[in-house]
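Spelled out from the first residue to the last, the chains are:
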Amino acid sequence: AVLAKYAIWGPPAEEVVYMNCDVDADGAVLDGAAQRYTLRFDKPVPAKGFWSFTIYDAETRLLAPHPSGRYKRGDRDHDMVRDADGSLTLYLQHDEPTDAPRANWLPVQTKPFQVVARLYWPDDDVLNLAYKPPAIQRVR
């Protein structure tokens, strides 16, 4: 049942790892109706292949609709802007940010959502469970 819910007969972990998150750093449900969030990577995302972060509806587990038509960001999005220290910050919010690069905007719906990370050809730290992904932070 778990496989059917997330990825029926998916490829082995050496090829791709999926990570799912539906709560913020404080344990509160991710909800685009009242909150804005950031997801900051101090180090490169640990994938030798490619990676992406996609927004899904928490209830239906389908892609979360958004008027922008955007539902994911990943390493193939070459327009993303790195922070001055080389880190990468994604902005998870319903409305387009006015104080951050639009290229780093990951639009969310105005109800509970989840973020699914896909890491293709993940680093060994991911496979041996040493890697701890950054928590999604609520903007206060």
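Before going into details, it helps to say that this report is about the structure given with it. (Residues numbered from 1 in each chain as written. Predicted model: local features only at pLDDT ≥ 70, side-chain atom pairs only at ≥ 80, totals over all residues. Heavy atoms only, no water.)

## Comments concerning the side chain of Q114
So, step 1. Position of Q114 relative to the elements: it lies in strand β7 (residues 113-120).
So, step 2. For Q114, a relative accessible area of 2% gives the class buried.
So, step 3. Of the polar contacts made by the side chain of Q114, one reaches the side chain of N20; its length is 3.1 Å.
So, step 4. If sequence neighbours within four positions are ignored, Q114 has contacts with N20, C21, D22, T54, I55, Y56, A58 and R61. (Helix = DSSP H or I, 4+ residues; strand = E, 2+ residues; numbered from the N terminus. Buried < 20%, exposed > 50% of the residue type's maximum accessible area, 1.4 Å probe, protein only. Polar contact = N/O pair within 3.5 Å; in protein donor to acceptor, adjacent residues only side chain to side chain. Contact = heavy atoms within 4.5 Å.)

## Things to note about the packing of aromatic side chains
The geometry of an aromatic ring pair comes down to the distance between the two centres and the angle between the two planes.
So, step 1. With the rule as written, the count across this model stands at four aromatic pairs.
So, step 2. Between Y37 and F113, the ring centres sit 5.8 Å apart and the planes meet at 75°, which makes this aromatic pair edge-to-face. In this pair, Y37 is assigned in strand β2 (residues 37-41) and F113 in strand β7, connecting sequence segments 76 residues apart. Each member of the pair, Y37 together with F113, is buried.
So, step 3. Considering the side-chain rings of F50 and Y120, the 4.3 Å spacing of their centres and the 20° angle between planes classify their relative orientation as stacked. (Phe/Tyr/Trp six-rings, centres within 6.5 Å; stacked < 30°, edge-to-face > 60°.)

## Things to note about the sheet that holds strand β3 (residues 51-57)
Strands belonging to one sheet form pairs held by backbone hydrogen bonds; the direction of such a pair is parallel or antiparallel.
So, step 1. Strand order in the open sheet formed by four strands is β1-β7-β3-β4, with antiparallel pairing between adjacent strands. For this open sheet the edge positions go to β1 (16-21) and β4 (72-74), each flanked by a neighbour on one side alone. Along the sheet, successive strands turn relative to each other by an average axial angle of 20°, direction set aside.
So, step 2. Bridge analysis of β3 against β4 gives three bridges, and the strand direction is antiparallel. What sits directly across from S52, in β4, is G74. (Pairing = 2+ DSSP bridges. Axes fitted to C-alpha atoms, helices over the stretch in contact; angles between N-to-C directions.)

## Here we look at the pairing of β2
So, step 1. Burial runs high along β2: four of the five residues are buried.
So, step 2. Bridging between β2 and strand β5 (residues 88-93) involves five bridges; their strand directions are antiparallel. Directly across from R40, in β5, lies its bridge partner T89.
So, step 3. In this sheet, strand β8 (residues 137-138) lies alongside β2 in antiparallel orientation, the contact comprising two bridges. Bridge pairing links T38 to Q137 in β8.

## Points about the pattern of salt bridges
So, step 1. All told, the structure shown has 13 salt bridges when counted by the stated rule.
So, step 2. R138 is paired through a salt bridge with D24; the nearest N and O atoms lie 2.9 Å apart. Here R138, found in strand β8, pairs with D24, found in the loop between β1 and β2; they are 114 residues apart in sequence, far enough to count as distant.
So, step 3. The exposure class assigned to D24 is buried, which follows from its relative accessible area of 5%.
So, step 4. Across the pair D26 and R138 runs a salt bridge whose closest N-O atoms are separated by 3.2 Å. With D26 in the loop between β1 and β2 and R138 in strand β8, this residue pair connects regions lying 112 residues apart in the sequence.
So, step 5. Each member of the salt-bridge network shares a partner with another, and the members are D24, D26, R138 and R140. (Salt bridge = Lys/Arg side-chain N within 4 Å of Asp/Glu carboxyl O.)

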